[in-house]
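Below, each chain spelled out in residue letters.
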Amino acid sequence: MTLTSPEMIKSTKLYQRNSDLHPQVHAKQLDKKLGFRIPKIEVKLLQKYRAYYQPNDISNKKQHFKGTQTWIGLHPQALQTPYNDLYEALLYLKEYNIETVVDIGAGYGRVGLVMNSIFPTSKFIGYEIIRKRMEEANRIFNVFNLQNCSVLQENVLAEDFIIPKAQIYFIYDFSEMDDICKILDQLSQRLMQENFFLITKGTRVDYLLAHKYKEFWLANSFIQHDELKIYSSQVDLKKHVK
């Protein structure tokens, strides 16, 4: 069954954890219900471009985008965070005034979909380097009339890229450590002036925050939920830590 009603996409039940389903199985089934064409798109990308795990051009395929990682060849359900995890992370923050959510390495825009179930009046901006993923995310947003959501094709490592102001930022291991540092450097400069939350996933970004960017958690601690961690620039998160 394919979902068709714009209101159904905002139902919290759609993203809540089901004890009978592994989060990735749930995500795969929900992708299908929403009408995503993710497996087909990822197969075509792999046919045309070199996989992320091939350092040399042994297949005569070209690298998709020189200078950053695109994760072509990664399983679609490993490429994206499960809906269950995104929902539960955002649920922690439901009491706060969230106007804008920004996702660095947005993939197919899952964060925007889940956001609408908790913060239906907020704005979602995702950044994705691969055009086909960006187009598919925006197609689904249009199907469900989510005018508050958009994914932009953007190289976030460009020298002139400035992260827009937001109350929630999502960052994953979208590239190498030096590249992730460029984003964390921008956010670090805003810690004292702006009130925001940072949600992260990945061994590289976790390592950087633990060792190089301690200012994100020394004062206010952080919340860990499965593979996701939540940091805050000004809100004391110690009350949430069990």
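Everything below is about the structure shown above.
Residues numbered from 1 in each chain as written. Predicted model: local features only at pLDDT ≥ 70, side-chain atom pairs only at ≥ 80, totals over all residues. Heavy atoms only, no water.

A. The arrangement of the packing of aromatic side chains in detail. By the definition in use, this model includes 10 aromatic pairs. Both rings, one in F36 and one in Y108, keep their centres 6.3 Å apart while their planes meet at 80°; by these two values the pair is edge-to-face. Highlighted residues: F36 in the loop between α1 (23-34) and α2 (38-48) and Y108 in the loop between β1 (100-104) and α5 (110-118), separated in sequence by 72 residues. Here the two residues F36 and Y108 agree in accessibility, since each one is buried. With 6.2 Å between their ring centres and 75° between their planes, F124 and F141 make a pair best called edge-to-face. Of this pair, F124 sits in strand β2 (residues 123-128) while F141 sits in helix α6 (residues 131-143), placing them 17 residues apart in sequence. Of the aromatic side chains, those joined through ring pairs into one cluster are W217, F222 and Y231. (Phe/Tyr/Trp six-rings, centres within 6.5 Å; stacked < 30°, edge-to-face > 60°. Helix = DSSP H or I, 4+ residues; strand = E, 2+ residues; numbered from the N terminus. Buried < 20%, exposed > 50% of the residue type's maximum accessible area, 1.4 Å probe, protein only.)

B. Structural context of the pairing of β1. Taken across its 5 residues, β1 has 5 buried, putting it largely inside the fold. Of the two faces of β1, the one carrying T100, V102 and I104 and the one carrying V101 and D103 are both buried. Where β1 meets β2, 5 bridges bridge the pair, whose relative direction is parallel. Residue pairing for β2: I104 is matched across the bridge by Y127. On the question of chirality, the crossover connecting β1 to the parallel β2 by way of α5 is right-handed. (Pairing = 2+ DSSP bridges. Right-handed = clockwise from strand over helix to strand, strands pointing away.)

C. Representation of the layout of surface pockets within the structure. Roughly 350 Å³ of volume is contained in the second largest pocket. Around the second largest pocket, the lining is made up of 15 residues, and of these I41, K44, L45, K132 and E135 lie nearest the centre. Contributing elements (two or more residues each) for the lining of the second largest pocket: α2 and α6. Looking at the lining of the second largest pocket residue by residue, the classes come out as 4 nonpolar, 2 polar and 9 charged. (1 Å grid on protein atoms, 1.4 Å probe; cavity = no way out; pocket = protein on both sides within 12 Å on 5 of 7 lines; lining within 4 Å. Points joined across faces, edges and corners; volume = space filled by probe spheres on them. Nonpolar A, V, L, I, M, F, W, Y, C, P; charged D, E, K, R; others polar.)

D. Structural detail: the packing of α2 against α6. Relative to each other, α2 and α6 sit at 165°, their axes nearing to 10 Å. By the angle class used here, α2 and α6 are roughly antiparallel. Pair α2 / α6 crosses with right-handed handedness. Here α2 contributes I41, E42 and L45 to the contact with α6, which in turn contributes K132, R133 and E136. Tallied by class, residues from the contact of α2 with α6 come to 2 nonpolar, no polar and 4 charged. (Axes fitted to C-alpha atoms, helices over the stretch in contact; angles between N-to-C directions. Parallel < 35°, antiparallel > 145°, perpendicular 65-115°, else oblique. Left-handed = near helix turned anticlockwise from the far one by under 90°. Contact = heavy atoms within 4.5 Å.)

E. Summary view of the side chain of T200. Secondary-structure assignment places T200 in strand β5 (residues 197-201). Apart from the residues within four sequence positions on either side, T200 is in contact with I171, V205, D206, L209, E227, L228, K229 and Y231.

F. Examining the environment of P6 more closely. Tracing the backbone shows P6 in the segment before α1. Note on P6: relative accessible area 34%, which makes it partly exposed. Each C-alpha atom of the pair P6 and L146 lies 7.7 Å from the other, and the pair is 140 residues apart in sequence.

G. Region of the structure containing the environment of T203. Position of T203 relative to the elements: it lies in helix α8 (residues 203-211). Under the relative-accessibility criterion, T203 is labelled exposed at 66%.

H. Structural context of the sheet that holds strand β7 (residues 228-232). The strand order across the open sheet built from 7 strands is β3-β2-β1-β4-β5-β7-β6, with neighbouring strands paired in mixed fashion. Single-partner strands in this sheet number two, and they are β3 (149-153) and β6 (223-225). When the angles between neighbouring strand axes are averaged without regard to direction, this sheet yields 15°. Running over the sheet, helix α7 (residues 177-188) touches β1, β4 (168-172) and β5 and is turned about 160° from β4.

I. Local environment of a positive patch on the surface. A cluster of basic residues, R37, K40, K44, K48 and K132, forms a positive patch on the protein surface. Considering every element that reaches the positive patch, the biggest residue donor is α2, with 3 residues. Structurally, K40 is set in helix α2. (Patch = residues over 30% accessible without salt bridge, like charges linked within 9 Å, V, L, I, M, F, W, Y side chains within 5 Å. Areas by Shrake-Rupley, 256 points an atom, 1.4 Å probe, with all protein chains shown as cover. Salt bridge = Lys/Arg side-chain N within 4 Å of Asp/Glu carboxyl O. Lys, Arg positive; Asp, Glu negative; His and termini not counted. Charge placed at Lys NZ, Arg CZ, Asp CG, Glu CD.)

Function cannot be read off these values alone, since they describe shape.
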